[in-house]
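# Examining the three-dimensional arrangement
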Amino acid sequence: MEKARFGGMTGPLVEPVEFLTRATANYKQKGIYPYCDACGEVVHLYGVHTPNPQTTSRFDHPNMPDGADPLDDCVLADRNPRFRGLQPDGFDDARGKVLRAQFFDPTFLAHAYTFCRNLCRAKNLLPGQFRSMVIRADKKRIWSYVGIPLWAVPYILLTLENFQATSKNGQEYGFHFVFQKPRGSGGTGISALWSSRQICKISKVFSDNGSPVQTGDNPYPVSESAFVEMAGDSSWVTPALLRALIP
Ligand SMILES: [Zn+2]
């Protein structure tokens, strides 16, 4: 990635060359490190002193621990194709705190759940899976994404889990969700989902080959009205079920 926080999460965002200019080559001895703006991990400097002018300097994340789920990877690490093109424009934790509280308002939470459940098809989304999607969203600080509207959060939740289903002829298969951003939707990051003039879509694909699952509503539009429509009636969601959705 191109920028990291200088010396700590409250430090300014700097590019590799600027980091080295400020911290000097002895930065490790001085205990001054670059930190990822998304996950807060210490990242490595790469390509600053290379003799090859073709090499672009950058910050790299440390390797993921053995056995770690690739869905737990940082969105800024740029090594999981599932997260490609989904980088936020930045983080706003004060706004994120408010948005997260609104998300867990019982009425909205019930809507978010029935939306996800209806797109997955009822029995393919267990309350525990919804909870694990929320835990992942917390780690990724989704609510703090700059400019994100509340209705976009459930769409992103769907991309943070793998699902299982059984076909009509009894065959088990895995599926997951990916975003489709139209050409010219503006920007390279995730904000195209809510700021693009052309509507983005969310597509349900087979996990083994990436081809779309053939259903009448796949891919599905990404918009506030499409969210409300797919959520439908959520008045049947009981307080006990709501409690099971909260980590
Ligand atoms: Zn990171």
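Look a little higher up for the structure.
Since the model is a prediction, treat every value here as computed from it, not as a measurement. Position numbers for residues count from 1 along each chain, tracking the sequence in the order it is written. Note on the predicted model: pLDDT of at least 70 is required for a residue's local features to be given, and 80 or more for side-chain atom pairs to be given and counted; whole-chain, interface and lining totals, by contrast, use all residues. To get the side-chain values, all heavy atoms of the structure are used, and hydrogens and water are removed first.

## Brief notes about empty space enclosed by the protein
If a probe the size of a water molecule is rolled over the atoms, the empty space left behind becomes visible. The test is simple: With a 1 Å grid spanning the protein atoms alone, the term cavity applies to any set of points in which a 1.4 Å probe fits but cannot get out, the term pocket to an open set with protein on both sides within 12 Å along at least five of seven lines, and the term lining residue to any residue with an atom within 4 Å of a point. Grid points are joined across faces, edges and corners, and a volume is the space filled by probe spheres set on the points.
Tallied over the entire structure, the rule returns two cavities of 30 Å³ or more. Of the pockets and cavities examined, the largest cavity occupies roughly 60 Å³. Looking at the largest cavity, the residues that line it are Val75, Phe83, Leu86, Lys140, Ile142, Tyr145, Ile156, Thr159, Leu160 and Ile190. As a volume, the second largest cavity reaches approximately 40 Å³. Around the second largest cavity, the lining residues are Leu119, Arg121, Phe177, Ile202, Lys204, Thr215, Asp217, Asn218 and Tyr220.

## A word on the coordination of the zinc ion
What counts is decided by this rule: Each metal's donors are the N, O and S atoms within 2.8 Å of it, or within 3.2 Å when it is Na, K or Ca, and because water is not part of the set, sites may look incomplete. Tetrahedral means four donors with every angle between 85 and 135 degrees, whereas square planar (four donors) and octahedral (six donors) require angles over 155 degrees between opposite donors and between 65 and 115 for all others; sites fitting neither are termed irregular. Under the scheme used here, helices are H or I runs from DSSP no shorter than 4 residues and strands are E runs no shorter than 2 residues, and both carry numbers assigned from the N terminus. Exposure is judged per residue with a 1.4 Å probe applied to protein chains only, and the accessible area is read against the type maximum: over 50% gives exposed, under 20% gives buried, and values in between give partly exposed.
Protein ligation of the zinc ion involves Cys36 (SG), Cys39 (SG), His61 (NE2) and Cys74 (SG), the donor distances falling in the range 2.0 to 2.3 Å. Bound by four donor atoms, the zinc ion shows angles of 101 to 116° at the metal and therefore tetrahedral coordination geometry. The sequence motif formed by the donor residues of the zinc ion is C-x2-C-x21-H-x12-C. Of the two residues, Cys36 sits in the loop between β3 (34-35) and β4 (44-46) while His61 sits in the loop between β5 (58-60) and α3 (93-103), which places them 25 residues apart along the sequence. Classification of Cys36 by relative accessible area gives buried; the value is 0%.

## What about the sheet that holds strand β1 (residues 4-6)?
Note: strands within a sheet are paired through backbone hydrogen bonds, in either parallel or antiparallel orientation. Short version of the rule: Note on pairing: DSSP must find at least two bridges between two strands before they are called paired.
Across the sheet, which stays open at both edges, the three strands sit in the order β2-β1-β3 with antiparallel pairing between neighbours. Of all strands in the sheet, those bounded by a partner on one side alone are β2 (13-14) and β3. Of the strand pairs in this sheet, β1 and β2 are connected by two bridges, and their pairing is antiparallel. Paired with Arg5 across the bridge in β2 is Leu13.

## So, the pattern of salt bridges
It is possible for side chains bearing opposite charge to pair when their charged atoms get close. So the rule is basically this: Salt bridges are defined as contacts in which a side-chain nitrogen from Lys or Arg sits within 4 Å of a carboxyl oxygen from Asp or Glu.
All chains considered together, the criterion is met by 11 salt bridges. One salt bridge in this structure joins Arg22 and Glu18, with 3.5 Å as the shortest N-O distance. With Arg22 and Glu18 both in helix α1 (residues 16-23) and four residues apart, this pair spans about one turn of that helix. Here Glu18 falls in the partly exposed class, since its relative accessible area comes to 35%. Note that Asp72 is salt-bridged to Arg136, the shortest N-O span being 2.8 Å. With a gap of 64 residues between them, Asp72 in the loop between β5 and α3 and Arg136 in helix α5 (residues 127-140) connect regions that are remote in the sequence. What emerges from the salt-bridge pattern is a single network uniting Asp69, Asp72, Arg136 and Glu161.

## Remarks on α3
Note the threshold: Directions pointing from the helix axis toward each C-beta atom define the arc. Pairs of residues are marked as contacts when any of their non-hydrogen atoms sit within 4.5 Å.
Restricting attention to buried positions, one finds in α3 the residues Gly96, Leu99 and Phe103. In a view along the axis of α3, the buried residues occupy a sector of 65°, so they form one face of it. Exposed positions of α3 whose direction lies more than 90 degrees from the buried face are Ala94, Lys97 and Ala101. Among the structural elements, α4 (106-120), α5 and α6 (152-158) are those in contact with the buried residues of α3.

## Focus: unusual backbone geometry
For the bond from Asn218 to Pro219, the omega torsion is 0°, close enough to zero to count as cis. Here Pro219 is to be found in the loop between β8 (201-206) and β9 (220-221). Phi at Arg121 takes a positive value of approximately 75°, unusual for a residue other than glycine. Its location among the elements puts Arg121 in the loop between α4 and α5. Taking the relative accessible area as the measure of exposure, Arg121 reaches 33% and is therefore partly exposed. Non-glycine residue Arg141 carries a positive phi angle of around 55°. Residue placement: Arg141 occurs in the loop between α5 and α6.

## Quick look at the pairing of strand β6 (residues 163-166)
Judged by which residues are buried, β6 turns out to be one-sided: Phe163 and Ala165 face inward and are buried, whereas Gln164 and Thr166, on the alternate face, are not. As paired elements, β6 and strand β7 (residues 172-180) share four bridges and run antiparallel to each other. In the sheet register, Phe163 faces β7, and the bridge partner there is Phe175. In textbook terms, the turn of a hairpin is the stretch between consecutive antiparallel strands, and for β6 and β7 this stretch comprises five residues, one of which, Gly170, has a positive phi near 85°.

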